[in-house]
Amino acid sequence: MKSVVFALALLLAPASGIFAVFAQESAASELFDQRSDFTARVANGYSAPDGTTVQAGGVDYIAASGSRTIGDLPGWTPSFPAHPEHFGAVGDGRDDTAALVAALATGAVELTAGRTYGFMHLDVPPGTRVSGTGATLRYIGPDNRETVLTLGAGVAWDRLIYTAGTETLGGTTPSIRIEKDVRIGSLELEADRQLDALAVHVAGDGVDIGQMRSKRFGRPLKVEPDEGVINGFRLGWFDFESIARGIRMYNVTNFDVGGGRQRGRSPKSANERPGRNNLLLGGLTNGHFGPMDLGDAPEHAIRFAGGGVGHNYLSNNVRFDPLTIRRQSASALKINPGSGARVTNVTFTEVNIIDPFRQTGKNAKASHAIRISHADGIRIGKGSVRSEMRQGKDDVRGLIFAIGDSTDVEIGPFSVECCDLELVAFIENNDWDDVAPYKDIRNITFRGLSTTPRGAPEREPFRFRSCNITTGNVRFIDLDLRGGVDGPLFKLANCKAKLGPIEIDGKIDRLTPNAFKALPKNIPLEMNVTTRDGLTLGGSLGVVRKELRAGQ
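Below is a short write-up of the structure.

Cut-offs and rules
Residues numbered from 1 in each chain as written. Predicted model: local features only at pLDDT ≥ 70, side-chain atom pairs only at ≥ 80, totals over all residues. Heavy atoms only, no water. Phe/Tyr/Trp six-rings, centres within 6.5 Å; stacked < 30°, edge-to-face > 60°. Buried < 20%, exposed > 50% of the residue type's maximum accessible area, 1.4 Å probe, protein only. Lys NZ or Arg CZ within 6 Å of the ring centre and 35° of its normal. Helix = DSSP H or I, 4+ residues; strand = E, 2+ residues; numbered from the N terminus. Contact = heavy atoms within 4.5 Å. Salt bridge = Lys/Arg side-chain N within 4 Å of Asp/Glu carboxyl O. Pairing = 2+ DSSP bridges.

1. Some remarks on the packing of aromatic side chains
For any pair of aromatic rings, geometry is given as the distance between the ring centres together with the angle between the planes. With the rule as written, the count across this model stands at 22 aromatic pairs. Centre to centre, the rings of Phe238 and Phe240 are 5.2 Å apart; their planes meet at 35 degrees, and the pair counts as tilted. Judged by its relative accessible area of 0%, Phe240 is buried. Connected via pairs of aromatic rings, a cluster forms that spans Phe401, Phe414, Phe426, Phe446, Phe462, Phe464, Phe476, Phe490 and Phe516. Of note, Arg41 hangs over the ring of Tyr46, and the distance from its end group to the ring centre comes to 4.5 Å.

2. Regarding the environment of Asp296
Relative to the helices and strands, Asp296 is located in the loop between strand 23 (292–295) and strand 24 (302–304). With 30 residues separating them in the primary sequence, Asp296 and Ser266 have C-alpha atoms 9.1 Å apart. In contact with Asp296, other than residues within four places in its own chain, are Arg263, Gly264, Arg265, Arg326 and Arg327.

3. Brief notes about the pattern of salt bridges
Any two side chains of opposite charge can pair, so long as their charged atoms come close to each other. Under the definition given, this model contains 24 salt bridges. The residue Glu179 makes a salt bridge to Arg177 at a minimum N-O spacing of 2.7 Å. With relative accessibility at 23%, the residue Glu179 sits in the partly exposed group. On the basis of relative accessible area, Arg177 is assigned to the buried category, the value being 18%. Arg342 serves as the salt-bridge partner of Asp405, at 2.9 Å between the closest nitrogen and oxygen. Of this pair, Asp405 sits in strand 30 (residues 398–411) while Arg342 sits in the loop between strand 27 (333–335) and strand 28 (343–354), and the two are 63 residues apart along the sequence. Like Asp405, the residue Arg342 is buried in the burial classification.

4. Notes on the pairing of strand 39 (residues 502–508)
Burial of the side chains of strand 39 is restricted to one face: Ile502, Ile504, Gly506 and Ile508 are buried, whereas none of Glu503, Asp505 and Lys507 on the reverse face is. Judged from the 6 bridges that link them, strand 36 (residues 470–481) and strand 39 form a sheet pairing that is parallel. For Leu481, the partnering residue across the bridge sits in strand 39 and is Ile508. As judged from the 6 bridges shared by strand 39 and strand 40 (residues 525–530), these two strands associate in the parallel manner. Paired with Ile502 across the two strands is Leu525, which belongs to strand 40.

5. A word on the environment of Phe240
Inspection of the secondary structure puts Phe240 in strand 19 (residues 238–243). When the C-alpha atoms of Phe240 and Ser214 are compared, they prove to be 4.7 Å apart, with 26 residues separating the residues in sequence.

Printed below as a string of structure tokens:
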């Protein structure tokens, strides 16, 4: 077998195990089938002139008098880059921790394809380069609550495959911790059984992961600093299976997530359990998420959260490319940080929600498709809510849009094809906030909001439950309610709601004389609506009521 011989092995630092070599290509001077044969010869006094290459167990060693880089092979150094096999690793899944530690200390390591290196605990030194694809690191220790693999600052790893058969962590302690400026081409995680604690924690600036795959790790990824803000993070693509929470990102600026998918709920995750989301986000600024297909969240698919009293996470200037959301338990898209936090200037180019309020088991309950609160400048482009599952007695329906404490929101065009109890609700206390008072709801525009007969509201399409704030400058442009409205068009809470102006322009298949029964006479409402039978309703509330009575 031809091998690369490193003839000048020659800057030796025995204490640290660091060495530098220069390569020339030649045949090994002597071959040993097994490493044990070589170590036995050296123990019996075998040596060779400096620069001589010997191959043993498939890897090359270079003679270097005085070297103590390899404990049981004094006078010899590994070829460059080092392999764990140089230090006695077997790669059959049993404990190779000592060999891995020694190899990593050289600063450059190549793992052998097809081998599985068992380990108990590893700290990869800063700046280490790890190459080789198709090799696996397998945690073989007991269940514990400690990080078992840490990648120091500046580590570069071509393809990191990590497996585990035991619960390597608990609570918020990750299996793998990643410090700043780490580069990973591909990060692949697989557990033998469902493990629902945190798998990977990115804690430093400038981390770049080309792609990440996870199977049976319930919480694959957290991107969050120990303190302060992470500046710079990139994840090219992700693919997660069997999740309790997919990605948690808090306090991160200048980031890019290229896109990905999540599917399959962890069997350990109960319905509606807080924080069990495909994406749990807070304190994000200047970032982008590529196209995503998110499914089976135990709670929300995407939630912008506040994190509790004292955190005040502010998110600003975030863009989402097209989203597909499937079978979430609660709100599919929930922007509602609370605790004094706000979300501002967030754009969703397209949101398609399939089978909302489904796959939630016996405790399923009506919820919201999209909930927006404590937010300003939210844009949702075209979108839809539809069902691909057969409706039946267990079908769960919910509220499509719930909006509270928000300004400058624009949505549409948006079609609703299923699952609609109510279409839009303006709610003062849309969700809890134990710090900030609720603010007015203003400048809300729906463009091209439409329903099909199947998606026609079972109750009042528009509900105002905002007693102590003002809901104003609400516009429905190109509204198209196919299927009509058999009862009131509006419902008000049992209080003197401060409303208006409200503008409705479009088509409604059918209206009854009671359509405006719930509205006080003084509400500034302007309408330009046609019905299926050709009735045109235009003008103020008083005029519209008269026109409707005359038309009936």
